[in-house]
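What follows is each chain in one-letter form.
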Amino acid sequence: MKNIILGIESSCDDTSAAIVCDGVLLSNVIANQEVHKIYGGVVPELASRSHQQNIIPVIDFAIKSAKIEKQNISAVAFTRGPGLLGSLLVGTSFAKGFALSLNIPLIEVNHLQGHVFSHFIVNSEEEKSLLPAFPFLCLLVSGGHTQIILVKDFFEMEIIGQTIDDAAGEAFDKCAKVIGLPYPGGPHIDKLSQNGNKNAFAFTKPKIPELNYSFSGLKTAFLYFLRDKMAENENFISENKTDLCASLQKSIVDILLDKLVKAVKITGIQRIAVAGGVAANSGLRNTLTEMSQKKHWKLFLPPIKFTTDNAAMIAIAGFYKFLRKDFTSHSVAPIARMNF
Ligand code: KG4
Ligand code: ZN
């Protein structure tokens, strides 16, 4: 009998459902919530309401496009946290109801571990031979997290460095807002950077010990720099937008990679993976690719579509938990803040 897992992700502003059969992805459906754009950030109450509207059609479509029957699903995996409580509650409640109605196991997945599992998503049995071997280092960079994770096994992960304030994605989004770009600003900065000079401006780097990160200093440096330049020339931002984006992106990438190099030195591990929304960034991907060639690292870059929030990573993590019979009780409640 085949093991078919339905994965549900609803931790922030994307409602997503995916079907995995014996560890191979059959479908992955994502409904993005446009409603937040005009507010310049995610509005939690609106996010939960949109999840409620989206969740049934998204799951229905995921099941239909996987060409399976609902009755053949073996277990339901869902994101328990971290994330927005109201959003998580929609996915958790739906998962419980679905599992109860089919009398199948419920499997909770940690969203951060889910991002690491984006490296185990395969579209065919043959692709399984290309998956990263353990141990490897995963740089997890999203809107809410910036961490270097030592991945020893599927569910044996240790955070060896993390941000003490803002996340890398937050730095992109907050700086983008200052120069008038829409939310989320990361992809806009990335796009504009392609036509800019990354060495046009320099911002001071944080001096944080060990493998930890800080991005709030960069945000402040960026703000003060713009304030001074605007005092001299009020068109400074519009005249220098692409150079500003390229220089800011280079600073964020440099900060991220400095600590990754240090982590490789400390651990001696040269298998490197990146995950999370910021892993879509072309500056990060290109610099890491060059660096890996020079340093003989084995680099794992996930396809862009699996960098931002998606249910495929939750369904895959759920599949590996299913094999271990690592099931969750129906008394489970979502958690807004959690590590592993
Ligand atoms: O992983 P994700 O979808 O959600 C969280 O769990 O946070 O990450 C979203 C973050 C946002 O901050 C967004 O600006 C950033 O990922 N992001 C990017 C790019 N694409 C998404 N940042 C820089 N360059 C990109 N191409
Ligand atoms: Zn995420």
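Residues numbered from 1 in each chain as written. Chains lettered and ligands numbered in written order. Predicted model: local features only at pLDDT ≥ 70, side-chain atom pairs only at ≥ 80, totals over all residues. Heavy atoms only, no water.

Draft legend 1. Quick peek at the overall build of the protein chain. The secondary structure content of the protein chain amounts to 10 helices and 10 strands. A compact globule built from 340 residues would reach a C-alpha radius of gyration of about 20 Å, and the protein chain, at 20 Å, matches this within 12%. Each principal axis of the C-alpha atoms in the protein chain carries an extent, and together these give about 65 × 45 × 30 Å. Relative to its full complement of 340 residues, the protein chain shows a buried share of 52%. When the accessible surface of the protein chain is totalled, it reaches about 15300 Å², and 53% of it is carbon and sulfur. Separation of charge centres in the protein chain, based on 34 positive and 31 negative side chains, amounts to 3 Å. (Helix = DSSP H or I, 4+ residues; strand = E, 2+ residues; numbered from the N terminus. Rg over C-alpha atoms; globule rule 2.2 N^0.38 Å. Buried < 20%, exposed > 50% of the residue type's maximum accessible area, 1.4 Å probe, protein only. Areas by Shrake-Rupley, 256 points an atom, 1.4 Å probe, with all protein chains shown as cover. Lys, Arg positive; Asp, Glu negative; His and termini not counted. Charge placed at Lys NZ, Arg CZ, Asp CG, Glu CD.)

Draft legend 2. Structural detail: the sheet that holds strand β2 (residues 14-21). If you trace the five strands from one edge of the open sheet to the other, you get β3-β2-β1-β4-β5, paired in mixed fashion. Edge positions in the sheet fall to β3 (24-32) and β5 (106-110), since each of these pairs with one other strand and no more. Across the sheet, the mean angle separating the axes of adjacent strands is 20 degrees when strand polarity is ignored. Examined bridge by bridge, β2 and β3 share eight bridges and lie antiparallel to one another. Of the residues in β3, the one forming a bridge with I19 is S27. Each of β1 (4-9), β2 and β3 touches helix α1 (residues 44-65); the most contacted strand, β2, lies at about 25 degrees to it. (Pairing = 2+ DSSP bridges. Axes fitted to C-alpha atoms, helices over the stretch in contact; angles between N-to-C directions. Contact = heavy atoms within 4.5 Å.)

Draft legend 3. A look at the domain arrangement of the protein chain. When cut into domains, the protein chain gives domain 1 (4-121 + 309-323) and domain 2 (133-301). Across the domain 1/domain 2 interface, buried area totals approximately 1500 Å², and carbon plus sulfur atoms make up 79% of it. Looking only at domain 1, the three residues that lose the most surface to domain 2 are L112, V116 and H119, adding up to 36% of its buried area. Where domain 1 touches domain 2, the interface holds zero salt bridges. The set of elements that each furnish at least two residues to the side of domain 1 that touches domain 2 consists of α3 (111-117) and α10 (312-323). It is α3 that contributes the most residues to the side of domain 1 that touches domain 2, five residues altogether. (Domains from an automatic or database assignment. Buried area = accessible area lost by both parts, 1.4 Å probe. Salt bridge = Lys/Arg side-chain N within 4 Å of Asp/Glu carboxyl O.)

Draft legend 4. Broad picture of the coordination of the zinc ion (ligand 2). Each protein donor to the zinc ion (ligand 2) is listed here as H111 (NE2), H115 (NE2) and D309 (OD); together their distances run 2.0 to 2.1 Å. Here the zinc ion (ligand 2) is ringed by four donor atoms whose angles at the metal span 95 to 141 degrees, and the overall shape comes out irregular. Read in sequence order, the donor residues coordinating the zinc ion (ligand 2) give the pattern H-x3-H-x193-D. In this pair, H111 and H115 are both assigned in helix α3, four residues apart and thus about one turn of the helix distant. Residue classification places H111 among the buried positions, given a relative accessible area of 6%. (Donors = N, O, S within 2.8 Å, 3.2 Å for Na, K, Ca; no water. Tetrahedral: all angles 85-135°; square planar, octahedral: opposite > 155°, others 65-115°.)

Draft legend 5. Here's a closer look at the nonpolar core. Within the largest apolar cluster, 45 residues are counted, with the highest numbers of intra-cluster contacts made by F215, L244, I252, L256 and L284. Those elements that provide at least two residues to this core are β6 (136-141), β7 (146-153), α4 (168-178), α6 (216-232), α7 (236-239), α8 (241-267), β9 (271-275) and α9 (282-295). Formed by 34 residues, the second largest nonpolar core is a distinct cluster that contains L25, I107, L140 and M157. (Core = buried A, V, L, I, M, F, W, Y, C linked by side-chain atoms within 4.5 Å.)

Draft legend 6. View of the pattern of salt bridges. For the coordinates displayed, the defined rule picks out 12 salt bridges. Between E108 and R80 there is a salt bridge; the shortest N-O distance is 3.1 Å. Pair noted here: E108 is in strand β5 and R80 is in strand β4 (residues 75-81), with a separation of 28 residues, a long-range link. E170 is the partner of K174 in a salt bridge, and the nearest nitrogen-oxygen pair spans 3.2 Å.

Draft legend 7. Quick look at a nonpolar patch on the surface. A contiguous nonpolar surface patch, about 330 Å² in accessible area, is contributed by V35, I38 and Y39. Structurally, I38 is set in the loop between β3 and α1. (Patch = residues over 30% accessible without salt bridge, like charges linked within 9 Å, V, L, I, M, F, W, Y side chains within 5 Å.)

Draft legend 8. Quick peek at the sheet that holds strand β10 (residues 298-300). Spatially, five strands are ordered β8-β7-β6-β9-β10 in an open sheet, and the strand pairing comes out mixed. This sheet does not close on itself; its edge strands, each paired only once, are β8 (156-162) and β10. Geometrically, the sheet is characterised by an average inter-axis angle of 25 degrees between neighbouring strands, direction not taken into account. In this sheet, β9 lies alongside β6 in parallel orientation, the contact comprising four bridges. In the strand pairing of β9, L139 is matched with V274. Here α8 sits on the sheet and contacts β6, β7, β8 and β9; the angle it forms with β6, its principal contact strand, is near 160 degrees. Seen against the sheet, α9 touches β6, β9 and β10 and runs at an angle of roughly 160 degrees to β10.

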